Amino acid sequence: MRDSATAPVELLPVAFIDLQAQRARIGARMEAAIGRVLAHGGFIMGPEVAEAERKLAAQCGAKHVISCSSGTTALVMALMAKEVGRGDAVFVPSFTFTATAEAPAIVGATPVFVDVLPDTYNVDPASLERAIAVARQTGLRPACVIAVDLFGQPADYDALKDVTSRHDMWILDDAAQGYGAHYKGRALGTCAEITATSFYPSKPLGCYGDGGAVFTDDDDIARRLRQVRVHGQGHDRNENVRIGLTARLDSIQAAVLLEKLTIFDAECAERNVIAARYTAGLAGVVATPVVRADCTSVWAQYTVTSPRRDRIAASLQTQNIPTQIFYSKPIHTQPPYRGFPVAGGGLPVTERLAQEVISLPMHPYLTAPIQDRIIAAVRAAVA
Ligand SMILES: Cc1ncc(COP(=O)(O)O)c(C=O)c1O
């Protein structure tokens, strides 16, 4: 039997996201870091949690970082801290992961679905305007928009602020896929009133389980977020000042995050090299992703579009090359969400993208020979 070092490239297994390759880089340090938590035993709010929050704040420049138990919880905490609830409209893209729309529904607000732009797949400010009009007609109070940095690229915060400032709304950045990216030179975490992110293992910055964080520069919102994270606790555990959750980040996950942060910038740079290589190899064959000149992306996904998407997926599958469809069913078409309003004019871009997108393997450890094999397979599928 051949080992993978000697197998021909066409037989090498292809990972969609390769966390084992990352372990080869930092595994020993990671095990030592986890071992330190096991030794001190402070599993809840141990010193690693405050340290990870400090490092994240220093990295993106946010004044406050409140770590928490998942990206979904981070979104819910932000809405709870701002007391968003019944009668409030929260505008969300339908072309995103479910959690973006789930969070407003959990707090009793009404998600109102907005279309995305055809080039960046991020919220379309003109569709947001039309959605606000629909919300007002149905008697809802426009509260905020959840701007998703889809596939790793920031939404257009200045264009969104033009809309939200006219309607007395605020912006919640869902940076679950984009943390580490920059908008006009500013790091995500500082581009909206509140930013939420996820440390789910497959995210560009992931831990070894569930985790997340909320970022804000506002002292009062930060204080409320810390209360929400632990049952609405006030000065001590005998005082409850609001309704809250059990939503802390475990010390072990914080220790994992601290190790991953040491290589995060290098990994983001490597992802960009791999994305550029894909784009050079696939230009003119499929529609390759567009990153705005004033943004950077962390390439949570490398997602192309093609009317022959299903053919590409089937063909790559026969060659053991994994692909994923993010997202084949827009959220507004899913049963729990069908009753919620959508922007005037509907969501035609979202509906087309659901038919045409396909995400290719993307991680910092994708080698050039494997990538060449993927590029050749896509080219052959559409030939
Ligand atoms: C855009 C977006 N928002 C929110 C989440 C939720 O994060 P988590 O899985 O940590 O709850 C995800 C995770 O997949 C996501 O991609």
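Residues numbered from 1 in each chain as written. Predicted model: local features only at pLDDT ≥ 70, side-chain atom pairs only at ≥ 80, totals over all residues. Heavy atoms only, no water.

Brief notes about the overall build of the chain
Basically, it comes down to this: Secondary structure follows DSSP: runs of H or I at least 4 residues long count as helices, runs of E at least 2 residues long count as strands, and numbering of each begins at the N terminus. C-alpha atoms define the radius of gyration in this analysis, and the globule rule sets the expected value at 2.2 Å times the number of residues to the power 0.38. Burial classes: relative accessible area under 20% of the type maximum marks a residue as buried, over 50% as exposed, and values in between as partly exposed (1.4 Å probe, protein chains only). Whether two residues touch is decided by their heavy atoms; if any such pair falls within 4.5 Å, the residues are in contact. For the accessible areas, the method is Shrake-Rupley and the probe is 1.4 Å, while residue cover comes only from the protein chains on display.
Along the chain, the regular secondary structure elements total 11 helices and 11 strands. Relative to a compact globule of 383 residues, whose C-alpha radius of gyration would be 21 Å, the chain shows 21 Å and is just as compact. By the burial criterion, 56% of the 383 residues in the chain qualify as buried. Considering only residue pairs separated by 6 or more positions, the chain has 73% of its internal contacts joining residues 24 or more positions apart. Total accessible area on the chain is roughly 15700 Å²; 54% of this is exposed by carbon and sulfur atoms.

Details of the pairing of strand 9 (residues 212–216)
Selection rule: Following DSSP output, two strands are said to pair if at least two bridges run between them.
Of all five residues in strand 9, five are buried, a share of seventy percent or more. Of the two faces of strand 9, the one lined by G212, V214 and T216 and the one lined by A213 and F215 are each fully buried. Looking at chain direction, strand 1 (residues 64–68) and strand 9 are connected through five bridges and run antiparallel. Of the residues in strand 9, the one forming a bridge with V65 is F215. Two elements, strand 8 (residues 194–198) and strand 9, share five bridges in a ladder whose sense is antiparallel. Directly across from A196, in strand 9, lies its bridge partner V214.

What to know about the site of the ligand
This is how it is decided: By convention in this text, a residue qualifies as near a molecule or strand provided that one of its non-hydrogen atoms is within 4 Å of it. Polar contact criterion, stated in full: a pair of N or O atoms within 3.5 Å, where within protein one must be able to donate a hydrogen and the other to accept it, and residues adjacent in sequence count only if both atoms are side-chain atoms.
Taken together, 14 residues lie around the ligand, and G71, T72, D174, S198 and K203 are the ones closest in. Between the ligand and T72 there is a distance of 2.5 Å, counted from an oxygen atom to a side-chain nitrogen or oxygen. Note that an oxygen atom of the ligand is positioned 2.7 Å from one of the side-chain N or O atoms of S198. Burial of the ligand by the protein chains amounts to 92% of its free accessible area of 390 Å². Only helix 3 (71–81) and helix 4 (99–106) provide two or more residues apiece to the shell around the ligand.

Some details on the domain arrangement of the chain
The test is simple: Either an automatic procedure or a domain database provided the assignment from which the domain bounds are taken. Computed with a 1.4 Å rolling probe, the buried area is the accessible surface lost when two parts are put together, summed over both parts.
Partitioning the chain into structural domains gives domain 1 (24–259) and domain 2 (264–382). Of note, the centres of domain 1 and domain 2, computed from C-alpha atoms alone, are 24 Å apart. Across the boundary between the two partners, domain 1 contributes 44 residues, which contact 40 residues of domain 2. In total, about 3500 Å² of surface goes out of reach between domain 1 and domain 2, with carbon and sulfur atoms giving 62% of it.

A word on the nonpolar core
Threshold: Side-chain atoms within 4.5 Å link the members of a nonpolar core, which is a set of buried Ala, Val, Leu, Ile, Met, Phe, Trp, Tyr and Cys residues.
The biggest cluster of nonpolar side chains holds 87 residues, and the ones touching the most others in it are L56, F91, Y157 and L172. Counting only domains with at least three residues in this core, you end up with domain 1 (24–259) and domain 2 (264–382). The contact partners of Y157, leaving out residues within four places of it in the chain, are A147, D149, I171, D173, Y183, L188, C191 and A192. Core analysis: the second largest hydrophobic core is formed by 27 residues, L282, W299, Y302 and I374 among them.

Overview of the packing of helix 3 against helix 4
Angle between the axes and distance between the axes: these two values describe a pair of packed helices. Keep this limit in mind: Note on geometry: axes are lines fitted to C-alpha atoms, helical ones only across the stretch in contact, with angles between N-to-C directions running from 0 to 180 degrees. Roughly parallel means an angle under 35 degrees; roughly antiparallel, over 145; roughly perpendicular, 65 to 115; everything else is oblique. Crossing handedness: left-handed means the near helix sits turned counterclockwise from the far one by under a right angle, and right-handed means the same turn made clockwise.
Taken N-terminus to C-terminus, the directions of helix 3 and helix 4 make an angle of 40°; their axes are 9 Å apart at the nearest point. What the angle tells us is that helix 3 and helix 4 run oblique. Two packed elements cross with a definite hand, and for helix 3 against helix 4 that hand is right-handed. Two secondary-structure elements touch here, helix 3 through T72, L75, V76 and L79 and helix 4 through A99, T100, E102, A103, P104 and I106.

Quick notes on the pairing of strand 4 (residues 141–148)
Short version of the rule: Orient the strands so they point away from the viewer; a crossover is then right-handed if the path from the first strand over the helix to the second runs clockwise.
Counted residue by residue, strand 4 has seven buried out of eight residues, so it is predominantly covered. Note that strand 2 (residues 88–93) and strand 4 share four bridges and pair parallel. Counterpart to D88 in the pairing with strand 4 is R141. For strand 4 and strand 5 (residues 170–174), the ladder comprises five bridges, and the chain directions are parallel. Among the inter-strand pairings, V145 is bridged to a residue of strand 5, identified as I171. Handedness of the strand 4-helix 6 (residues 157–166)-strand 5 crossover: right-handed.

Section: helix 6
Defined as follows: By arc we mean the arc of the directions from the helix axis to the C-beta atoms, nothing more.
Within the span of helix 6, buried status applies to Y157, A159, L160, V163 and T164. In an axial view of helix 6, the angular spread of the buried residues amounts to 160°, which keeps them on one side of the axis. More than 90 degrees from the buried face of helix 6, the exposed residues found are S165 and R166. Tucked into the core, helix 6 has its buried residues touching helix 5 (125–137), strand 4, strand 5 and strand 6 (182–183). A positive backbone phi angle near 55° is found at D168, which sits one or two residues after helix 6.

A look at the side chain of E53
Relative to the helices and strands, E53 is located in helix 2 (residues 47–60). The class of E53 is buried, set by a relative accessible area of 12%. Side-chain polar atoms of E53 contact the side chain of S67, separated by 2.7 Å. Leaving out residues up to four positions away in the same chain, E53 has contacts with V65, I66, S67 and R229.

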